[in-house]
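# Secondary and tertiary structure notes
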Amino acid sequence: DVYGGYAWPSNEDITYKANIGGARGTFEMNDVGIEDKAAFGGRVGFWFQSHPSLGFAIDTTRFDADVDTQTINGTISSPAVGTGSLPLQGTSELRVINTFVTFDMIYRRSYGRLTPYITGGVGVAISEIDEDFFSATRSENTATPVAFKGGAGLSYTLSDAMELFGEYRYMHAAPDYDIKAGVDPATIGTANPSFGASNLEKDINVHALMTGISIRF
């Protein structure tokens, strides 16, 4: 199978852990907007001869989940500075490039040329951030969390060897990125911002609609 479509990531809370005011602390960013993006991918698999309604597939999906320019409202907490709110105007780029590879089971039921199906699986997300949003200089960091996928679709048989299909899917992962030189949020906007080892945690929750073509052998 080859397919393409559109992905709608949900707004997410992001946790940024860094040295804040000289002590380890957190900056909890609330309801951060994530850009909608195109998505595409491919799938290979087979149907079990003993149970023709059941199939197995390896699915690879590629999409971005970038943070767009916005004012991010959050709560900063550190033994050095206490706890308080901190609005942050994000003007730099935080690009999140995702490849989900999942091992899926598929169940189908045919009605003439139409075949509805459901699918779900577990695998790994290869999630890379390319950013100068938190870092002193542009930084690339990769995380490989467990990925989950579930979906449902409908295929239409064109011939014994070819089908068209449309599919809804939901995908989830929770990457955790290490940033070598992340900014101290308490020093943003000052003459001498400070930087140090930091950590960024976020969830990826994506709804997507795909259409594609299946080739059978």
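Here's a quick rundown of the structure. All residue numbers refer to positions counted from 1 along the written sequence of the respective chain. Residues qualify for local features only when their pLDDT is at least 70, as the model is predicted, and side-chain atom pairs are given and counted only at 80 or more; totals for whole chains, interfaces and linings, by contrast, use all residues. Remark: hydrogens and water are excluded; side-chain values derive from all non-hydrogen atoms of the structure.

## Topic: the side chain of Arg43
The helix count covers DSSP runs of H or I at least four residues long, the strand count covers runs of E at least two residues long, and both are numbered beginning at the N terminus. Of note, Arg43 is situated in strand 4 (residues 37-47). Of the polar contacts made by the side chain of Arg43, one reaches the side chain of Glu167; its length is 3.1 Å. When near neighbours in sequence (up to four residues on either side) are disregarded, Arg43 contacts Asp1, Tyr3, Ala57, Ile58, Asp59, Tyr117, Lys149, Phe165, Glu167 and Arg169. Under this definition, polar contacts are N or O atom pairs within 3.5 Å; protein pairs additionally need one hydrogen-donor-capable and one acceptor-capable atom, and for neighbouring residues in sequence, both atoms have to be side-chain atoms. Note on definitions: a residue-residue contact is assigned when non-hydrogen atoms from the two residues lie within 4.5 Å.

## Observations concerning the packing of aromatic side chains
Between the rings of Phe, Tyr and Trp (Trp by its six-membered ring), a pair exists once the centres lie within 6.5 Å; its type follows the angle of the planes, with under 30 degrees stacked, over 60 edge-to-face, and the other angles tilted. All chains considered together, the criterion is met by 5 aromatic pairs. A centroid spacing of 6.5 Å and a plane angle of 70° characterise the contact between Tyr3 and Phe165, whose relative ring orientation is edge-to-face. You can see Tyr3 sitting in strand 1 (residues 2-9) and its partner Phe165 sitting in strand 12 (residues 162-173), a full 162 residues away along the chain. Overall, Tyr3 belongs to the buried group, its relative accessible area being 6%. Buried means the residue's accessible area, taken with a 1.4 Å probe over protein chains only, is under 20% of the maximum for its type, while exposed means over 50%, and partly exposed covers the values in between. Here Phe165 falls in the buried class, since its relative accessible area comes to 5%. Pairing Phe63 with Phe100 gives two aromatic rings, centres 5.3 Å apart and planes at 45°, and the pair type is tilted. Taken together, the positions of Phe63 in strand 5 (residues 54-64) and Phe100 in strand 8 (residues 94-108) put the pair 37 residues apart, joining distant regions of the chain. For Phe63, a relative accessible area of 0% puts it in the buried group. Put simply, the rings of Phe46, Phe48 and Phe56 pair up and form one aromatic cluster.

## With respect to the pairing of strand 5
Think of it this way: DSSP has to see at least two bridges between two strands before they count as a pair. By the bridge criterion, 9 bridges tie strand 4 to strand 5 in an arrangement that is antiparallel. Of the residues in strand 5, the one forming a bridge with Gly41 is Thr61. Adjacent in sequence and paired antiparallel, strand 4 and strand 5 are bridged by 6 residues. Where strand 5 meets strand 8, 11 bridges bridge the pair, whose relative direction is antiparallel. In the strand pairing of strand 8, Gly55 is matched with Ile106.

## Comments concerning the environment of Gly120
In this structure, Gly120 sits in strand 9 (residues 114-131). As a C-alpha pair, Gly120 and Phe56 span 64 residues in sequence and 9.9 Å in three-dimensional space. With near-sequence residues (within four places) excluded, Gly120 lies in contact with Phe103, Asp104, Met105, Lys149 and Gly150.

## A few points about the pattern of salt bridges
Between Lys or Arg on one side and Asp or Glu on the other, a salt bridge is scored when a side-chain nitrogen of the former is within 4 Å of a carboxyl oxygen of the latter. One pass over the full model with this rule turns up 13 salt bridges. With a closest N to O distance of 3.1 Å, Lys17 and Glu201 form a salt bridge. Of this pair, Lys17 sits in strand 2 (residues 12-20) while Glu201 is found in strand 14 (residues 195-202), placing the two residues 184 residues apart along the sequence. Its relative accessible area of 25% is what places Glu201 among the partly exposed residues.

## As for unusual backbone geometry
Residues other than glycine seldom take positive phi values, yet Asp31 does so here, at roughly 55°. Along the chain, Asp31 turns up in strand 3 (residues 23-32). Using a relative accessible area of 51% as the deciding quantity, one classes Asp31 as exposed.

## Some details on the pairing of strand 1
A regular strand places its side chains so that they alternate between the two faces of the sheet. Of the strand pairs in this sheet, strand 1 and strand 15 (residues 204-215) are connected by 8 bridges, and their pairing is antiparallel. When the sheet's bridge partners are listed, Pro9 is paired in strand 15 with Val206. Direction of pairing for strand 1 relative to strand 4: antiparallel, over a ladder of 6 bridges. Paired with Val2 across the bridge in strand 4 is Gly42.

## Structural notes on a nonpolar patch on the surface
The patches described consist of residues with a relative accessible area above 30% and no salt bridge, like charges being joined within 9 Å and nonpolar side chains (Val, Leu, Ile, Met, Phe, Trp, Tyr) within 5 Å. Using the Shrake-Rupley algorithm and a 1.4 Å probe, accessible areas are obtained, with residue cover drawn only from the displayed protein chains. Together, Tyr111, Leu114, Leu154, Tyr156, Leu158, Met162, Leu164, Ile215 and Phe217 give the surface a local cluster of nonpolar side chains, amounting to about 950 Å² of exposed area. Counting only elements with at least two residues in the nonpolar patch, the list comes to strand 11 (146-159) and strand 12. The element that contributes the greatest number of residues to the nonpolar patch is strand 11, accounting for 3 residues. Note that Ile215 resides in strand 15.

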